Amino acid sequence: MADPKRPSRPRVILTRALPHASEARMAALFDSVPNPDDAPMEASALAAAMADADVLVPTVTDRITADLLAAAPDRLRLIANYGAGVGHIDLKAARARGIVVTNTPGVLTDDTADMAMALILAVPRRLVEGDKLVRSGGWNGWSPTSMRGHRIGGRKLGILGMGRIGQAVAQRARAFGLQIHYHGRHRVHEVLEHQLGATYHDDLDAMLEAVDILTIHTPHTATTNGLIGARRLDLLGPDGWLVNTARGEIVEPDALVTALQERRIAGAGLDVYVDEPRVDPRLIALENVVLLPHLGSATFEAREAMGMKVIANIRSWADGHRPPDQVFEGWL
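Residues numbered from 1 in each chain as written. Predicted model: local features only at pLDDT ≥ 70, side-chain atom pairs only at ≥ 80, totals over all residues. Heavy atoms only, no water.

Caption draft 1: A look at unusual backbone geometry. That bond from E276 to P277 is cis: its omega, 5°, falls within 30 degrees of zero. By the element assignment, P277 lies in the loop between β11 (267-270) and α12 (281-284). Residues other than glycine seldom take positive phi values, yet R126 does so here, at roughly 60°. Examined against the element boundaries, R126 turns out to sit in the loop between α5 (109-125) and α6 (127-136). Located in the positive-phi region is H294, a residue other than glycine, with phi close to 50°. With respect to the helices, strands and loops of the structure, H294 is situated in the loop between β12 (289-291) and α13 (300-318). (Helix = DSSP H or I, 4+ residues; strand = E, 2+ residues; numbered from the N terminus.)

Caption draft 2: Representation of the UniProt feature "domain: D-isomer specific 2-hydroxyacid dehydrogenase catalytic" (unreviewed entry) in the protein within the structure. The sites that UniProt annotates as "domain: D-isomer specific 2-hydroxyacid dehydrogenase catalytic" (unreviewed entry) are residues 37-327. As annotated, residues 37-327 comprises 39% helix and 13% strand, and the C-alpha atoms at either end are separated by 29 Å. (UniProt positions renumbered as here; feature names shortened; annotations may be inferred.)

Caption draft 3: How the structure looks around the pairing of strand β10 (residues 241-244). Both faces of β10 are covered, namely the face carrying W241 and V243 and the face carrying L242 and N244. Where strand β9 (residues 213-216) lies against β10, 4 bridges are found, and the strand directions are parallel. Along β10, the bridge assignment pairs I213 with W241. Traced from β9 through helix α10 (residues 230-236) to β10, the parallel crossover comes out right-handed. (Buried < 20%, exposed > 50% of the residue type's maximum accessible area, 1.4 Å probe, protein only. Pairing = 2+ DSSP bridges. Right-handed = clockwise from strand over helix to strand, strands pointing away.)

Caption draft 4: Expanded view of the UniProt feature "domain: D-isomer specific 2-hydroxyacid dehydrogenase NAD-binding" (unreviewed entry) in the protein. Here, UniProt's "domain: D-isomer specific 2-hydroxyacid dehydrogenase NAD-binding" (unreviewed entry) annotation points to residues 117-296. Its end C-alpha atoms 11 Å apart, residues 117-296 is made of 36% helix and 16% strand.

Caption draft 5: Local environment of the layout of surface pockets. Estimated volume of the second largest pocket: approximately 480 Å³. Among the elements that line the lining of the second largest pocket, the one with the most residues is α6, at 4 residues. (1 Å grid on protein atoms, 1.4 Å probe; cavity = no way out; pocket = protein on both sides within 12 Å on 5 of 7 lines; lining within 4 Å. Points joined across faces, edges and corners; volume = space filled by probe spheres on them.)

Caption draft 6: The nonpolar core, seen in detail. Among the nonpolar cores identified, the biggest contains 27 residues, and I120, L157, I159, M162, L178 and I180 are the most heavily contacted of them. Of all elements in the fold, only α5, β6 (156-160), α7 (164-175), β7 (179-183), α8 (190-196) and β10 reach the threshold of two or more residues within this core. Counting residues per element, this core draws most heavily on α5, at 7 residues. Residues L160, A246, A255 and L256 belong to the second largest nonpolar core, which totals 26 residues. (Core = buried A, V, L, I, M, F, W, Y, C linked by side-chain atoms within 4.5 Å.)

Shown next as structure tokens:
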């Protein structure tokens with residue numbers, strides 16, 4: 001007997017505009033409601049969407065809180081997140097309501113790793129500063145002492161979080177002559193360590209003291225919120241750089257601004273921020289930081305693949321199966 005809570009053609013509400021191919025496929029398969037304005041939904045709009053949906057398709061810009069989930073009617077049975085990170089969804093509250101949560105892992109690994117590697121190059125070599133100098137008309141030609149940065153070959157790269165993206169960054173970084181160090185909840189297999197030439201640190205502080213560049217690839221959870229604060233930035237030191245393409249909340253924002261202003265670290269490359277899309281004006285005023293507008297997965301290929309992952313999860317759920325990318329409280 002079919003599960004009445006899993007309609008064969010579920011009503012699917014999208015909180016943001018998705019790539020055309022994804023929306024067209026959803027319209028063909030489901031009773032799909034797009035968001036043509038592509039404006040982030042306020043809490044009241046999210047509540048209304050959740051009240052009218054069998055399936056909600058949110059993104060990182062939506063805060064699916066315990067209060068919203070508690071108020072949602074029993075009709076809402078699936079949250080098919082468009083994105084890999086689910087730190088914006090209260091998984092414990094979803095589980096208490098019996099609401100399944102899925103994500104889109106794997107398909108954005110290479111693009112995010114490419115972006116991290118781009119920042120690892122851009123910050124020490126002052127690429128954005130150089131671009132601004134040329135555009136301003138202030139460049140007076142080549143000089144032996146102008147616009148000097150630092151080579152990255154031979155330096156030590158610390159990877160915080162050695163999952164899919166962290167491993168992809170390590171592969172790229174080795175080609176640039178970086179020495180790989182990493183810290184995470186779990187040590188990777190010794191064969192992979194050997195392939196990557198990676199050194200494991202079971203203590204984050206010890207890794208920070210050992211490396212020249214820190215790149216962050218761990219999910220945002222209660223445990224990692226504010227994980228990199230003033231004390232740990234000081235461990236990275238005045239010759240160290242920080243790159244964050246994961247979530248802004250992992251780095252304590254005031255501590256980062258102070259460290260950059262006072263040159264307690266050499267610089268930073270950021271693709272994510274606390275309270276996006278707002279960017280701290282103190283960061284904007286600094287020259288030793290490269291600021292990007294959350295471009296990690298912003299390729300045509302990744303965004304289409306993410307949409308197809310969402311569709312696969314919804315179809316599997318509607319057919320009465322466990323979705324392939326279901327996530328659970330504590331999965332991180």
